[in-house]
Amino acid sequence: MLLWPCTGCTCPSSQTFFLSPSQYDQLTVGTDPFILSAHLSTGESHLYTCTFLFSSTQCLKCHSVEVPPTVLHLRQLPVDVSEQELLALALPFGRVTKLVTVRTKHQAFLEMASEEAAVTMVNFYASVPPTVRNQPVFIQYSTHRELKTDNMNNQRAQAALQAVSTAAVLPGNMSSGDGWGLVLAPSPVLRVIVENLFYPVTLEVLQQIFSKFGSVLKIITFTRNNQFQALLQFSDTAHAQHAKATLDGQNIYNGCCMLRVDFSKLTALNVKYNNDKSRDFTRADLPTGELEPAAFGVALPPYGAAAFPPTFHQHTAVPGSLVSPPRVALQVASPVVQSVLLVSNLNPERVSPLCLFILFGVYGDVQRVKILFNKNENALVQMSDATQAQLAMSHLNGQRLHGNVIRVTLSKHPMVQLPRGGAGQEEQVLTQDFSGSALHRFKKPGSKNFNNIFPPSPTLHLSNISSSVSEEALKDLFSSRGYTVKAFKFFQKDRRMALMQVASVEEAIEALIELHDHQLDHNQHLRVSFSKSII
């Protein structure tokens, strides 16, 4: 778009202005549809606002006013946006002196303590567009020289501003031009907890989400208290503050995978290995450590086992999801579509297709299992869809089964082939089709099993217990198979369910495999799954 000011314009910029598409949002449309106000920087600390009045293609009037860029204009805000949400956008860049909200027009004005803070904030959000409750917000310089806050309607905004300033302002941090600043982010390291983990969340998914707010240097993922957690280190505290303010309480997918974000007590992360559990993006030379894929003869995809490319773009629906295709709350790259998993480092003396069917069936409906004839420490497991495969991989990779730490990655095979007619008896036994099994946990739409998917833990959830079966009988059942029962309790409101804690996660995995679908009496079979609870 070209703007031609008429002669007499006092703006020191060129007489002809070119506005790129990225600058269109900085145009303010007046009451007359032909009046435009454009903010034009001369490369100095001052900003000029030039008003153009158009008649067809000819400029009829132009004037310019020098405006100190301390007052910022926020547009397209949610109707019920809070003062705290507005302040969270600005506080990483310096002290806010005044706040005015215009709720009827979905707008607000912020006055920063210094021009430097205002310029830094606008420049940052020009490259990283801000959002409030997943709604894009536009931030630009205002034509106001200063804000007047004596309006009764803005008393709440000033009270919120005063509360934040009184609690957080200390000398010597994030200078705002007058020697004072805000103690905002005690550390560039964030601690992230993912609640309601219905779909898999990997290191690469977190990197895609958080890198939208700044440079992510390091990530470490782990499971604690049966919750998927991560530590992320940003390049500076301002980016960490912005990510926390925006992402805390947001869902990665609609209705699930909620992010709980807080500052860590750590000021830096020490990453020793680059693998699917930890990553130092500044050190490509780090080894993969104990998860070295060469030890198991498995090649990892370029960006780890989950094979998510490190880009951030619009997510598309996942074909054949456990539920209806998830609509994404945070823009996450679409997962890959492979539904076949390669499981390696198995114990060939103890593993069987049925064993893998029951274990992987905790996280999806297993269709086929094939233990490789010439490499029987490896197996292929075909899930119903890619989402189930990702879920099983994220929970079972690195777990110990029959004394071995198993490795679970995506396979290049699109499906598991059944043996041909000429195959020998042993090869046919190693491949089984479970597509019609009655033990599938997720074949019924709306099943409660969808809401009870947890990583392996020492606590097992037992269900479908008949009224004639006692606590001692269940304890004896597990102890007679060699498992150490640490604790047991029936559900108070429903005696058909109980929790049982065994000695270790490995014991729990093997107990689930052995006793899931165990016949308790002539009518009922025991159902076993992992629990997030601790007895």
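That block above? That's the structure.
Bear in mind the structure is a predicted one, so any value in this text is a computation, not a measurement. (Residues numbered from 1 in each chain as written. Predicted model: local features only at pLDDT ≥ 70, side-chain atom pairs only at ≥ 80, totals over all residues. Heavy atoms only, no water.)

What follows deals with the packing of aromatic side chains. In total, this model carries 3 aromatic pairs according to the counting rule given. For the pair Phe210 and Phe234, a centre-to-centre distance of 6.5 Å together with 55 degrees between the ring planes defines the contact as tilted. In this pair, Phe210 sits in helix α4 (residues 203-210) while Phe234 sits in strand β17 (residues 227-234), placing the two residues 24 residues apart along the sequence. Considered together, Phe210 and Phe234 belong to a single accessibility category, that of buried residues. The interplanar angle of 10 degrees and the centroid separation of 4.2 Å between the aromatic rings of Phe357 and Phe434 together place this pair among those described as stacked. Of this pair, Phe357 sits in helix α6 (residues 353-360) while Phe434 sits in the loop between β27 (431-433) and β28 (459-463), placing them 77 residues apart in sequence. Classification of Phe357 as buried rests on a relative accessible area of 4%. Seen from the ring of Phe490, Arg495 lies directly overhead, with NZ or CZ sitting 4.0 Å from the centre. (Phe/Tyr/Trp six-rings, centres within 6.5 Å; stacked < 30°, edge-to-face > 60°. Helix = DSSP H or I, 4+ residues; strand = E, 2+ residues; numbered from the N terminus. Buried < 20%, exposed > 50% of the residue type's maximum accessible area, 1.4 Å probe, protein only. Lys NZ or Arg CZ within 6 Å of the ring centre and 35° of its normal.)

One open sheet accounts for 6 strands, arranged β18-β19-β15-β17-β16-β20; its pairing is antiparallel. Each edge of the sheet is formed by a strand with only one pairing partner; in this case those strands are β18 (251-253) and β20 (278-280). Ignoring strand direction, the axes of neighbouring strands in this sheet form an average angle of 20 degrees. Across the sheet, helix α5 (residues 237-247) is in contact with β15 (189-195), β17 and β19 (256-263); its angle to β19 comes to roughly 140 degrees. (Pairing = 2+ DSSP bridges. Axes fitted to C-alpha atoms, helices over the stretch in contact; angles between N-to-C directions. Contact = heavy atoms within 4.5 Å.)

With that out of the way, let us pick up the pattern of salt bridges. Scanning the model with the defined rule gives 9 salt bridges in all. For Glu204, the salt bridge identified is with Arg279, shortest N-O distance 2.7 Å. Pair noted here: Glu204 is in helix α4 and Arg279 is in strand β20, with a separation of 75 residues, a long-range link. Each member of the pair, Glu204 as well as Arg279, carries the same accessibility label: buried. (Salt bridge = Lys/Arg side-chain N within 4 Å of Asp/Glu carboxyl O.)

Taken together, 4 strands build an open sheet; the order of strands is β8-β9-β7-β12 and the sheet is antiparallel. Since the sheet does not close on itself, it has two edges, and those belong to β8 (96-102) and β12 (138-141), each with one partner. Direction aside, neighbouring strands of the sheet carry axes that sit 20 degrees apart on average. Of the pairings in the sheet, the one linking strand β7 (residues 71-75) to β12 comprises 4 bridges and is antiparallel in character. Within the sheet, the bridge partner assigned to His73 lies in β12 and is Gln140.

Let us look at the environment of Phe490. Position of Phe490 relative to the elements: it lies in strand β29 (residues 485-490). As a C-alpha pair, Phe490 and Ser470 span 20 residues in sequence and 9.7 Å in three-dimensional space. Excluding anything up to four places from it in sequence, Phe490 contacts Ile465, Val469, Ser470, Glu471, Leu474, Arg495, Met497 and Ala498.

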